[in-house]
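Report on the structure
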Amino acid sequence: MSRGSNLNTSRVAASKGVAFSRSPVLAVRLPTWRSRVVLFVLFAAFAALAGRALWLQGLSTQFLQKQGEIRYARTIELPATRGKITDRDGQVLASSVPVKAIWAIPDDVQEAPPAKLKQLARLLEMSDAELQKKLDSDRNFVYLKRQVEQDVADQITKLEIEGIQTRKEYKRFYPQGEVTTHVVGFTNVEDQGQESMELAQQKTLQGVTGSRRVIKDRLGRIVEDIESVREPHDGKDLTLSIDSKIQYIAFTQVKDAVEKFHAKAGAAVVLDVHTGEVLALANWPTYNPNDRSKLTGEQLRNRVMTDTFEPGSSLKPFTVGLALDEGRVKPHTMFDTGAGSMVIADRVIHDTHPHYMIDVQTIIQKSSNIGTSKIALGMPAEDMWEMFTKVGFGQQPKWGFPGAVAGRVRPYKSWRPIEQANMSFGQGISVSLIQLARAYMIFARNGDIIPLSFQKLQEAPHGTQVVSAKTAAEMREMLEMVTQPGGSAVKAQVPGYRVGGKTGTAQKVVNGRYSQSKYIGNFVGMAPMSDPRFIIAVMIDEPGGPVHVGGDVAGPVFSALAAQALRAKNVAPDSDLTHIIIPESAAQGNM
Amino acid sequence: MSGKINLVLTILLVACGLSLVNAQYQARHLFIELERTQSQARQLDIEWAQLQLDQSTLGKHARIEEIARRDLNMTPLTAARTQYLTPEASK
């Protein structure tokens, strides 16, 4: 009350022009404690402000800055793509395309209108019941469907169902499908390689995802990087040694042959003689890597790499080649093969026809078991074993292909003479088709052997000499005779080109005994003979018809494959012969 | 005298401040532009991969062969029907 009157008087005084010093207000005597209180309150307020400032700036900064950052800073994942796989000419064999995984928080979705859920089920290509079953879960996270294509995922997002989320992922596509699948392999939904080259090269193919911290504005646009960006690294592209054209030719030929001869399976491999690159690797049966829902082990099997078999006569050139190289025989050294049977210890070796006195060349041309056995028995077991080992039989392949097998060659110390003879014509020893094909390098090249490669090479690797160049040339001459009239594989002839090779027919081992009805027919050959460019090996497993010997089932496959491959690669013909008339008698040749 | 200097400095300070604001604004805009272009580049990359896939799918040898045989009535070449020409120089 008194304060109010004071104020009034001072206003009156000022308005009346009373000098400040003579203002009546100043004359009022107040107790000094009142000003002390005001002073104290003011100081206390400042102290509180200072304390608060200290608290915010000094003690809880980290917490506050973090909270602030949450409101504008975002971490963005930078995805990296898995590398492409291409053939040697750059045609894509496997490529990743971004897709979406659709997942749900089941509790949130339960409240969605049924009409929208029906639409969702339709977009996911599921029945309503199936969708309900997935959503009836106690978990907080359920994948509804993975690898949904982008446009479908966009439609799902547009439905705006609460609790339905999408996550970016990649789907691998294999445009060549079943044709190249045994070389390329496939990945699982997590983009991890599962088979063949996808598995072997997983480390280089897979990308490393990066991340970055950014400031986003109100509209969600990125305006600034906060920290340095962790760059994503895309996986490296992989260029295979495969030639799509030859691969397709090999695939169709194997497929046709398996159907024609009612066989259980078939396989073929084509190697580049100069570089050791695998140009084609085909299997039948096979599978479509884009749809693996009905995949069986039989389809998955890569018979070229993982199946071993007793090759039969196609192993003879190695024994004969070794004997030539060591100077034990000459191409025209005569051997008496008698009337078609020979006894070693208590076992009998047969030839399909009696050949009597023939030379080494003819032993190969007619594929005489007795002749080869006689040559083999004239050599120490150790030398033969060494030869087999040098060309890679029984050795674990190191060509970067998962599941490649070593085959089996028993140590020479345990060989009995009958076993040594058997091995000379490919029994009691097991190899894979690719090992067999590679071993023929010593004849196709000038006696040396090089490692194989599934990736395109810039330069040819250096070889290891196994036999002399002279021996290789002599063997090539004999291998060519095999396909000429009088040989065991005239059906392997190629019009316009000189070719050579060796057939093999092996009885399958069933329950530890040689089966009389189950065979594996194979043929390993090279073309063109004037300067070998391809080695082609074909295997037909359990031909079901009356024809089962290698020359008759695998020979024609080789012929067709070689003819088309040579033409596809523009190899000039080296023979004038364009028509082939197979003599009736030779067509019934033996193994 | 010092009053004038102060005035000039104040104006300078305000101008600097404003230009800083402007620069930051420009920087953010350019950054957004960069972002957009980069995401466009990524999008084009994806499209390219997709097109490569399509090329490989459509250029499949099996498909070419089928069309050649069925629609164009073509037959495979044989050596008997081929005339080989050898240039003189290579002989």
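All of these numbers come straight from a predicted model, not from anything done at the bench.

Looking now at the overall build of chain B. Looking only at helices and strands, chain B features two helices and zero strands. Its C-alpha radius of gyration of 35 Å places chain B more than 25% over the 12 Å reference for a compact globule of 91 residues. Projected onto its principal axes, the C-alpha positions of chain B cover 110 × 40 × 15 Å. Evaluated residue by residue, chain B yields a buried proportion of 1% over its 91 residues.

A few words now on the pairing of strand β6 (residues 210–216) of chain A. Each regular strand shows side chains that alternate between the opposite faces of the sheet. Residues and elements named next belong to chain A. Bridge count for strand β1 (residues 73–78) against β6 is six bridges, and the pairing is antiparallel. Bridged to Arg74 within β6 is Val214. With three bridges connecting them, β6 and strand β7 (residues 222–225) associate as antiparallel partners. Its bridge partner being in β7, Ile215 is matched across the sheet by Glu224. Hairpin connection between β6 and β7: a loop of five residues separates the two successive antiparallel strands, and Gly220 in this loop has a positive phi of roughly 80°.

Residue and element names in this part refer to chain A. Listed as buried for helix α19 (residues 417–424) are Gln420, Ala421, Asn422, Met423 and Ser424. Those residues of α19 that are buried are in contact with α15 (316–325), β13 (341–344), β14 (347–350), α17 (369–377) and α18 (381–390). Taken from the residues just after α19, Gly426 is the one with a positive phi, measuring 80°.

Right, let's get into the domain arrangement of chain A. Residues and elements named next belong to chain A. When cut into domains, chain A gives domain 1 (76–239) and domain 2 (244–287 + 301–587). Taken over C-alpha atoms, the centre of domain 1 sits 47 Å from the centre of domain 2. Contacts between domain 1 and domain 2 engage 17 residues on the former and 15 residues on the latter. Elements represented by at least two residues in the side of domain 1 that touches domain 2 include exactly α9 (181–184), α10 (196–200) and β8 (238–239). Sort the elements by how many residues they give to the side of domain 1 that touches domain 2 and α10 lands first, with four residues.

Residue and element names in this part refer to chain A. Relative to the elements of secondary structure, Met379 occurs in the loop between α17 and α18. Using a count of 18 C-beta atoms within 10 Å as the deciding quantity, one classes Met379 as partly exposed. Between the alpha carbons of Met379 and Glu326 there is a distance of 9.4 Å; along the sequence they are 53 residues apart. Aside from chain neighbours lying at most four places away, what touches Met379 is Leu322, Ala323, Arg328 and Met384.

Turning next to the interface of chain B and chain A. In this complex, chain B contributes 19 residues to the contact, which on the side of chain A involves 22 residues. Top element by residues in the side of chain B that touches chain A is helix α1 (residues 2–58) of chain B. It accounts for eleven residues. Classifying every residue of the side of chain B that touches chain A by side-chain character gives ten nonpolar, six polar and three charged.

It is worth spelling out unusual backbone geometry at this point. Residues and elements named next belong to chain A. A cis amide bond links Trp284 to the next residue, Pro285, at an omega of 5°. Note on placement: Pro285 falls in the loop between β10 (278–284) and α13 (297–300). Cis geometry is found at the peptide bond from Ala527 to Pro528, where omega equals -15°. In this structure, Pro528 sits in the loop between β20 (513–527) and β21 (534–541). Notably, Asp191 is not glycine yet its phi reads approximately 70°, a positive angle. The residue Asp191 is located in the loop between α9 and α10 in this model. One non-glycine residue with positive phi stands out, namely Ser196, at about 45°. Along the chain, Ser196 turns up in helix α10.

Below, the discussion takes up the sheet that holds β7(A). Within a sheet, neighbouring strands are paired by backbone hydrogen bonds and run either parallel or antiparallel to one another. All names here are of chain A. Sheet architecture is open: three strands sit in the order β1-β6-β7, paired in antiparallel fashion. With one partner strand each, in any of the chains shown, β1 and β7 form the two edges of the open sheet. Strand after strand, the sheet turns through a mean of 45° between neighbouring axes, direction not considered.

Residues and elements named next belong to chain A. One can describe the packing of α15 onto α18 by two numbers: an axis separation of 10 Å at closest approach and a directional angle of 120°. When the axes of α15 and α18 are compared, the pair comes out oblique. The two elements α15 and α18 cross, and the hand of that crossing is right-handed. Contact residues: Phe318, Thr319 and Leu322 in α15; Asp383, Met384, Met387 and Phe388 in α18. Of the residues assigned to the contact of α15 with α18, the class counts are five nonpolar, one polar and one charged.

All names here are of chain A. Within the largest apolar cluster, 122 residues are counted, with the highest numbers of intra-cluster contacts made by Ala268, Val269, Val270, Ile535, Ala537 and Ala562. Looking at which element gives the most residues to this core, the answer is helix α23 (residues 550–568), with ten residues. Of the domains in this structure, domain 1 (76–239) and domain 2 (244–287 + 301–587) are the two that each give at least three residues to this core. Those residues within four positions of Ala537 in sequence are excluded, and the remaining contacts are Ala268, Val269, Leu433, Leu436, Ala437, Asn522 and Val524. Core analysis: the second largest hydrophobic core is formed by eleven residues, Val109, Leu135, Ala153 and Ile156 among them.

This prediction gives chain A a mean pLDDT of 85; 95% of its residues lie at or above 70. Segment residues 585–591 of chain A is flagged for pLDDT under 50; beyond a separation of four residues in sequence, or across chains, it makes 25 contacts in the model.

Residue and element names in this part refer to chain A. Here α17 crosses α19 at 125°, and the two axes come no closer than 8 Å. When the axis of α17 is compared with that of α19, the two are oblique. Of the two elements, α17 crosses α19, and the hand of that crossing is right-handed. Contact residues: Thr372, Ser373, Ile375, Ala376 and Leu377 in α17; Pro417, Gln420, Ala421 and Ser424 in α19.

It is worth spelling out the sheet that holds β21(A) at this point. All names here are of chain A. On the basis of which strands lie adjacent, the open sheet formed by five strands has the order β10-β9-β21-β20-β19 and antiparallel pairing. The outermost strands of the open sheet, each flanked by one partner alone, are β10 and β19 (500–510). Averaged over all pairs of adjacent strands, the angle between their axes in this sheet comes to 10°, without regard to strand direction. Bridge count between β19 and β20: ten bridges; the pairing is antiparallel. Note that in β20 the partner of Val509 across the bridge is Tyr514. Along the sheet face, α23 touches β9 (265–272), β19, β20 and β21 and points at about 25° away from the line of β20.

Rules used throughout
- Residues numbered from 1 in each chain as written.
- Chains lettered and ligands numbered in written order.
- Predicted model: local features only at pLDDT ≥ 70, side-chain atom pairs only at ≥ 80, totals over all residues.
- Helix = DSSP H or I, 4+ residues; strand = E, 2+ residues; numbered from the N terminus.
- Rg over C-alpha atoms; globule rule 2.2 N^0.38 Å.
- Buried ≥ 20, exposed ≤ 12 C-beta atoms within 10 Å, placed from the backbone.
- Pairing = 2+ DSSP bridges.
- Contact = placed C-beta atoms within 7 Å.
- Domains from an automatic or database assignment.
- Nonpolar A, V, L, I, M, F, W, Y, C, P; charged D, E, K, R; others polar.
- Axes fitted to C-alpha atoms, helices over the stretch in contact; angles between N-to-C directions.
- Parallel < 35°, antiparallel > 145°, perpendicular 65-115°, else oblique.
- Left-handed = near helix turned anticlockwise from the far one by under 90°.
- Core = buried A, V, L, I, M, F, W, Y, C linked by C-beta atoms within 7 Å.
- pLDDT = per-residue confidence, 0-100.

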